[in-house]
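# Structural characterization, general
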Amino acid sequence: MADTCGQILLGSGLTVLSHPLMYIKVLVQVGHEPLPPTLGRNLFGRQVYQLPGLFAYAKHITKIDGKVGLFNGLAPRLCAGTIGTLVHSRVVQVLGSQKAEEGSLQQVVNETTKEMIARSCATIVTHPFHVITLRCMVQFIGRETKYSGVFDSVITVYREEGVLGFFAGLIPRLLGDILSLWICNLLAHLINTYAIDDSMSHTGEIKNCSQAVTGFFASMLTYPFVLVSNLMAVNNCGLAGGLPPYASVYPTWVDCWRHLSKEGNMSRGNSLFFRKLPAGKTYALDQKRFF
């Protein structure tokens, strides 16, 4: 129990610190570009037109809503983090551990399967809070106040969309999490088994590094699932950021995926630094987006 409480406190602290980053990332994901492109330099020193990065975007939000505005949607996100940690810990405890040879493929499969079940349960239980978090953030685009608190937001979602409204965008989120977990763990196992010699010095540190690298690689590969999930969570929910003409209405997440793929926007919001202009797009200053 003490370990779980420690995880909750640590997780809550990291959530608060990282919230402005997520807030800006979500606004970029839905295509909100309040600042026009500026002339800057890329990594190679060449002059190119770039979209405003993290700090310029944060300064813009602060100018409108103050520093507190960078933490819109924090309360439901903290709820999701706390409940998710409790559910994850409980499921792992219930599943227990299965015997397998240390470092074997079977051990990796067993541990990954257990972690997949625990993460999936936590994701399903906390997804309603995730949906509310995203909608609180996207309100910035249309300056709405429709989702103003956790309890009021729950009532609003249930009244307008029913129970299914709490699980908008759940399927691509689950698929992305599961794929990312398996890619990360299996890839790390292959590297640790066939590319790293146990006789090498600092073997433990090298294996930890390989786990971090494969995790980053897996997150890059599965990023489109994150993007589609977040867009579906706010799509056609009554907010300007999820309705035409600002955004298309998608019947299913597959339609959203196809549309983003066709437009070449599958990586939108993946990077908040050195953001290049989308190819073949025109910036509309009045709508604050590309089309």
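That block above? That's the structure.
So, here's what we can say about the structure. (Residues numbered from 1 in each chain as written. Predicted model: local features only at pLDDT ≥ 70, side-chain atom pairs only at ≥ 80, totals over all residues. Heavy atoms only, no water.)

### Some points on the layout of surface pockets
The line we're drawing: As defined here, a cavity is a set of points on a 1 Å grid over the protein atoms alone where a 1.4 Å probe fits but cannot get out. A pocket is an open set with protein on both sides within 12 Å along at least five of seven lines, and residues line them when an atom is within 4 Å of a point. Grid points are joined across faces, edges and corners, and a volume is the space filled by probe spheres set on the points. Each helix is a run of DSSP H or I of at least 4 residues and each strand a run of E of at least 2, with the numbering of both proceeding from the N terminus. Polarity classes work like this: nonpolar for Ala, Val, Leu, Ile, Met, Phe, Trp, Tyr, Cys and Pro, charged for Asp, Glu, Lys and Arg, and polar for all others, with Gly in that last group.
Here the largest pocket is characterised by a volume of approximately 1600 Å³. Lining the largest pocket are 43 residues, with Met22, Arg77, His130, Arg173 and Asp177 sitting closest to its centre. For the lining of the largest pocket, the elements supplying multiple residues, two or more each, are α1 (2-29), α3 (74-95), α4 (105-142), α6 (170-194), α7 (203-221) and α8 (223-234). With 12 residues, the single largest contributor to the lining of the largest pocket is α1. The class makeup of the residues in the lining of the largest pocket is 14 nonpolar, 23 polar and 6 charged. In this structure, the second largest pocket encloses a volume near 890 Å³. Every residue lining the second largest pocket is counted, 35 residues in all, and those nearest its centre are Gly264, Asn265, Arg268, Gly269 and Pro278. Looking at which element gives the most residues to the lining of the second largest pocket, the answer is helix α9 (residues 253-263), with 3 residues.

### With respect to helix α2 (residues 54-65)
Short version of the rule: To estimate how far a helix should reach, multiply one less than its number of residues by 1.5 Å. Relative accessibility under 20% of the residue-type maximum defines a buried residue, over 50% an exposed one, and the middle range a partly exposed one, all with a 1.4 Å probe and only protein chains included. It is the directions from the helix axis to the C-beta atoms that the arc portrays. By the convention used here, residues are in contact when the closest approach between their heavy atoms is within 4.5 Å.
With 12 residues, α2 should reach 16 Å at 1.5 Å per residue; the first-to-last C-alpha distance of 16 Å fits that figure. Among all positions in α2, only Leu54, Tyr57, Ala58, His60 and Ile61 are buried. The arc that holds every buried residue of α2, seen down its axis, measures 155°, which confines them to one face. Structural note: α2 exposes Phe55, Lys59 and Lys63 on the side pointing more than 90 degrees away from its buried face. Contacts made by the buried residues of α2 are with α1 and α4.

### Concerning the side chain of arginine 77
As a reminder, the rule being used: Residues counted as positive are Lys and Arg, residues counted as negative are Asp and Glu, and His and the chain ends are not counted. The working definition used for a salt bridge is a side-chain nitrogen of Lys or Arg within 4 Å of a carboxyl oxygen of Asp or Glu. Any pair of N or O atoms that falls within 3.5 Å is considered a polar contact. Within protein, one atom must be able to donate a hydrogen and the other to accept it, and sequence-neighbouring residues count only if both atoms are side-chain atoms.
Residue position: arginine 77 is located in helix α3. Within the buried set, arginine 77 has no salt-bridge partner at all; the shortest N-O distance to an opposite charge, 12 Å, is to aspartate 177. Here the side chain of arginine 77 touches threonine 15 through a polar contact of 3.3 Å, landing on its backbone oxygen.

### Quick word on unusual backbone geometry
Despite not being glycine, arginine 143 has its phi angle at roughly 55°, a positive value. Within the secondary structure, arginine 143 sits in the loop between α4 and α5 (150-161). Assessed through its relative accessible area of 46%, arginine 143 is described here as partly exposed. Residue asparagine 236 is not a glycine yet carries a positive backbone phi of 55°. Tracing the sequence through the fold places asparagine 236 in the loop between α8 and α9.

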